[in-house]
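Notes for the structure review
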Amino acid sequence: MGFARACSVALVGVEGVVVEVQADLEPGVAAFTLVGLPDKSLVESRDRVRAAVVNSGAEWPQKKLTVGLSPASVPKSGSGFDLAVACAVLGAAERIDPAAIADVVMIGELGLDGRVRPVRGVLPAVLAAAEAGYRHVVVPEQTAGEAALVPGVSVLGVRSLRQLIAVLADEPVPEEPMAAQGRPDSMLAGLMMPGAGVGTGLAPFAAQGSDGHRPDLSDVAGQHRPRKALEVAAAGGHHLLLSGPPGAGKTMLAERLSAILPPLTRQESLEVTAVHSVAGILPPGEPLVTRAPYCAPHHSATMQSLVGGGNGLPRPGAVSLAHRGVLFLDEAPEFSGRALDALRQPLESGHVVVARAAGVVRLPARFLMVLAANPCPCGRHTLSGAGCDCPPSMIRRYQSRLSGPLLDRVDLRVEVEPVNRADLMGRGGRGETTAEVAARVREARERAADRLAGTPWATNSEVPGHELRTRLLVAPGALLAAERDMERGGLTARGLDRVLRVAWTVADLRAADRPDASDVAVALEMRTGIQRGVPMETGAS
């Protein structure tokens, strides 16, 4: 009797569970049995592994073969177990030393010719292996850079099973031909989810044009107040509602928000890369996402596509793909009410918990939400002399599609006015560039990080209201206007906390030690839409 074991990783959402792949050979009629809650694609690995082993020059054992995936209670899916299954079988057949593979984590799909094909989710799989104490990982050559992002792990990238057998058996490693130059590598097809390209609005850099041109904030004509709101949203991580007639520039403003956000930290980059790797939207050749992602789903998106779902174990939705970046919902009132209300929980907690019959998955979802809405179905309600034909009842129904509890979680509500001729023709002067605004946002973030050092919060939007009212105090008398609005019913308790958060961000942008009455007035104006007579100045005074 022969026995050997190797290790692989089963992904549950964006978290991994180390799976021990055990192979047992017994005398009897030649058969291959796979146990341990495999799905259809994993059951088919029996034929893939057998053909790959034979075509790699190794002899397939003609005995009763049983392969077990432990723990057996965890559902396992995907083709990433092929490499571990093949090595466990070869170890049981004594083609390779079983001790050489006992503590090695192997991830990869096998082609019938023995080539090792890349799979999605390599980074979260290697992270799970490192947390479980494993220090040696074998992955396909195309994903070796992604696996090497995890510190303290020795990564071996292989091109074929033949090469891996030679390395484990201490034999000369054969050369494998590479893909022909000038042709796309067909092996990379396993890394991309079909239909998750740039055109869907779900790619991490969908705000970048097809020609590589990245939109600049100076392209926006006029719109001084919305530009200020965009800067405040980026500096403090505040959610934003842009309302106005069609053609005023709401989409242009939202597309430029991710570019003024600060670069991701190392930990944030690993979080975002893990989600995008599982979702199949990680660009080939870019193993680490360093810029804030931008996600803009269509208004016909279902609730499952927004918060996560799918057949079997849930997959990341748009809120997770926008983790640490921007989620832009254009034509927000056209989204279904169930889909919009499903955003309320992740807006508060920074994660989403999706429960299905196959299991419960917790997915990261700390994003900056931008809503864009027209004032009425035809969009001409706020334009003087434009001839809006919508009856008042229809306008009320249209505006009520954005529920009160959802809007209460939006810190900034800005009216985007139509652009006048002088601004459109450039007579009003060119606005600030993305680089200039991004520099101010970065400095404001640094001031907030210094103030919040030693706490679990990094931006002003994350600070609880209790801390704002007891420890982070504003200037004396600065809250008089906000308290009056609260007494009149214009602000809720949550609304007052959010006004305080925005006021701290405005103070950080002008390099003040703490907010004063003018900062609170700016925050109140951006939340209520009622002008307070304060200038929307940008930068330090």
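What this report covers is the structure whose coordinates are included nearby. (Residues numbered from 1 in each chain as written. Predicted model: local features only at pLDDT ≥ 70, side-chain atom pairs only at ≥ 80, totals over all residues. Heavy atoms only, no water.)

1. Overview of the overall build of the chain
Helices and strands together make up the secondary structure of the chain, namely 23 helices and 16 strands. Expressed as a percentage of its 541 residues, the buried residues of the chain come to 51%. At a minimum sequence separation of 6, the contacts of the chain that also span at least 24 residues come to 72%. Surface exposure of the chain reaches about 23,500 Å², of which carbon and sulfur atoms provide 52%. (Helix = DSSP H or I, 4+ residues; strand = E, 2+ residues; numbered from the N terminus. Buried < 20%, exposed > 50% of the residue type's maximum accessible area, 1.4 Å probe, protein only. Contact = heavy atoms within 4.5 Å. Areas by Shrake-Rupley, 256 points an atom, 1.4 Å probe, with all protein chains shown as cover.)

2. Regarding a nonpolar patch on the surface
A cluster of nonpolar side chains, Leu156, Val167 and Val173, forms an exposed patch at the surface whose accessible area comes to about 210 Å². By the element assignment, Val173 lies in the loop between α7 (161–168) and α8 (224–236). (Patch = residues over 30% accessible without salt bridge, like charges linked within 9 Å, V, L, I, M, F, W, Y side chains within 5 Å. Salt bridge = Lys/Arg side-chain N within 4 Å of Asp/Glu carboxyl O.)

3. Section: the packing of aromatic side chains
Counting across every chain of the model gives two aromatic pairs. Look at Phe32 and Trp60: their rings are 5.7 Å apart centre to centre, the planes differ by 40°, and that puts the pair in the tilted class. Taken together, the positions of Phe32 in strand β3 (residues 31–35) and Trp60 in the loop between α2 (45–55) and β4 (64–70) put the pair 28 residues apart, joining distant regions of the chain. Both residues of the pair, Phe32 and Trp60, belong to the buried class. (Phe/Tyr/Trp six-rings, centres within 6.5 Å; stacked < 30°, edge-to-face > 60°.)

4. So, helix α22 (residues 493–509)
Here α22 spans 25 Å end to end across 17 residues, near enough to the 24 Å set by a 1.5 Å rise per residue. α22 sits mainly inside the fold: 15 of its 17 residues count as buried. Positive backbone phi, at 60°, marks Ala511, one or two positions downstream of α22. (Expected span 1.5 Å × (residues − 1).)

5. A closer look at helix α23 (residues 517–528)
Between its first and last C-alpha, α23 extends 16 Å over twelve residues, near the 16 Å set by a 1.5 Å rise per residue. The complete set of buried residues in α23 reads Asp519, Val520, Ala521, Val522, Ala523, Leu524, Glu525, Met526 and Arg527. Residues of α23 that are buried make contact with α8, α17 (404–407), β16 (412–415), α21 (480–487) and α22. In the stretch just after α23, Gly529 is the one whose phi turns positive, near 80°.

6. Notes on the sheet that holds β16
Strand order in this open sheet of five strands is β11-β12-β15-β10-β16, and the pairing throughout is parallel. Single-partner strands in this sheet number two, and they are β11 (294–295) and β16. Examined bridge by bridge, strand β12 (residues 326–329) and strand β15 (residues 368–373) share four bridges and lie parallel to one another. Bridge pairing links Leu327 to Met369 in β15. (Pairing = 2+ DSSP bridges.)

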